[in-house]
Amino acid sequence: MALTAGIVGLPNVGKSTLFNAITNSQVLAENYPFATIAPNVGVVEVPDERMDNLVELFHPKKVIYTTFEFTDIAGLVKGASKGEGLGNQFLANIRETNAIIHVVRCFDDANIEHVEGSVDPVRDIEEINLELCMADLDTVENRIAKVLRKAQTKEKGAVEENNALQKFKEALLAGTPVRLLDLSDGEKELLKNYSLLTAKPVIYVANMSEDEVSDPDQSPYYTAVKELAAKEHSECIAISARMEEELSGMDKEEKKAFLDELGIRTAGLDQIIQAAYHLLGLRTFFTVGEPENRAWTFREGMKAPQCAGIIHTDFEKGFIKAEVYSYEDIMEYKTEAALREHGKLRIEGKDYVMKDGDIVFFRFNV
């Protein structure tokens, strides 16, 4: 399930440094033989403490975490929506992503020039949002030109589509991203047809100095971004991209010791990965045993046969049943034999909706 978040930001905000940290943390290709990794794509493991604990219980020979992709979106400058800089390439790349990681500069450094001459994260966010709105406006106006005549003749569905497009147009002209609109179910369904940039969910990443990141609320830059994100019901994560680049070269024990010394519980990159994963409604189920422990990504709401199909299409076609237990129960009872004894191992059929943290063995026949 290849889902990806695009990393955007103005020049000199730390976007490239963050992407360097991602590529340094990139998964080994031999674990994912069907993945072709493009130069501007970083494939990272989704950190999951549950898998670490399952490894201690089952002692598998091989461990495979679930993964997530980040795409480095190059070329955003003022005027990108009109083709300035690498504008057209930027727009094409970002349309292919499922979510946006918006990196904002929240540090002062006289040695790193800001393109606007001063540090103002809210202004920078608004500048990028405006570029995205203008690009979406072109898309919407082009579609209106095709739909309007049909709407005037009351062609089926055209009136509803035109009304929705006019609503989007009004918002975009005011510089309001479409994701912030209160939309009906019908409007949401229509929105899927247009691949609008401002409809994509956003996580704001406040890039701070190493000295400030352990206590970000002391920074007025960070609090300004946090307040803006809260108004949008978006998430805001404080990181030091430079520190993340350093951490990416360390093993797990070194990284933990380094973060403990700074009083930081979770690395910023891990927070971004987990936030992006959950923002898109992604969840994890596990298959476990002596040969291999593996985490699998599924979308919230998927049923057992669909999840079986993630492992192999034959599993979905020939699905018979799923033997399922929860992560919490295996951590309490420690063995599958004990789970059976206490009635915690369940047999589920085709209508079972999978839950995050399910541990499953699929039975199938082809």
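Above this text is the structure in question.
This report concerns the structure included in the present document. (Residues numbered from 1 in each chain as written. Predicted model: local features only at pLDDT ≥ 70, side-chain atom pairs only at ≥ 80, totals over all residues. Heavy atoms only, no water.)

1. Let's talk about the overall build of the protein chain
As a reminder of what qualifies: Helix and strand definitions here come from DSSP, where helices need a minimum of 4 consecutive H or I residues and strands a minimum of 2 consecutive E residues; each element is numbered from the N-terminal end. Radius of gyration: C-alpha atoms only; globule rule: 2.2 Å multiplied by the number of residues to the exponent 0.38. Exposed residues in this analysis have more than 50% of their type's maximum accessible area, buried residues have under 20%, and partly exposed residues fall in between, with area computed by a 1.4 Å probe over protein chains only. Whether two residues touch is decided by their heavy atoms; if any such pair falls within 4.5 Å, the residues are in contact. Under the convention used here, a 1.4 Å probe and the Shrake-Rupley method define accessible areas, while residue burial counts only the protein chains that appear. As used throughout, the charge tally considers Lys and Arg to be positive and Asp and Glu to be negative, leaving His and the chain termini uncounted. For charged residues, the charge sits on one atom: NZ in Lys, CZ in Arg, CG in Asp, CD in Glu.
Helix and strand content of the protein chain: 14 helices and twelve strands. A compact globule built from 366 residues would reach a C-alpha radius of gyration of about 21 Å, and the protein chain, at 23 Å, matches this within 12%. Dimensions of the protein chain, computed from C-alpha atoms along their principal axes, come out at roughly 65 × 60 × 35 Å. In the protein chain, which comprises 366 residues, the share counted as buried stands at 47%. When contacts within the protein chain are restricted to residue pairs at least 6 apart in sequence, long-range pairs at least 24 apart make up 68% of them. Working note: accessible area of the protein chain is about 18500 Å², and carbon and sulfur atoms make up 48% of it. The distance from the centre of the 41 positive side-chain charges to the centre of the 62 negative ones in the protein chain is 9 Å.

2. Description of helix α10 (residues 268–279)
This is how it is decided: One fewer than the residue count of a helix, multiplied by 1.5 Å, yields its expected span.
Across its twelve residues, α10 extends 16 Å between first and last C-alpha, which sits within 8% of the 16 Å expected from 1.5 Å per residue. Listed as buried for α10 are Gly-268, Leu-269, Ile-272, Ile-273, Ala-275, Ala-276 and Tyr-277. Note on α10: the residue one or two positions beyond its end, Gly-281, has a positive phi of about 70°.

3. What to know about the pairing of strand β4 (residues 67–72)
We apply this condition: Strands are labelled as partners when DSSP assigns at least two bridges between them.
By the bridge criterion, four bridges tie strand β1 (residues 4–8) to β4 in an arrangement that is parallel. Pairing of Ile-7 across the sheet is with Asp-72, part of β4. Where strand β2 (residues 41–45) and β4 come together, five bridges link them in antiparallel fashion. Each residue of the ladder has a partner; that of Val-43, found in β4, is Glu-69.

4. Observations regarding the nonpolar core
The condition that has to hold: Here, nonpolar core refers to any group of buried Ala, Val, Leu, Ile, Met, Phe, Trp, Tyr and Cys residues whose side-chain atoms link them within 4.5 Å.
With 56 residues, the main nonpolar core has Ile-7, Leu-18, Phe-68, Phe-70, Ile-101, Tyr-204 and Ile-272 as its most contacted residues. Counting residues per element, this core draws most heavily on α10, which supplies six residues. Not counting residues up to four positions away in its chain, the partners in contact with Ile-101 are Ala-5, Gly-6, Ile-7, Val-8, Phe-70, Ile-203, Val-205, Ile-272 and Ala-276. Counting residues in each nonpolar core, the second largest holds 17 residues, with Val-147, Ala-158, Leu-190 and Leu-196 among its members.

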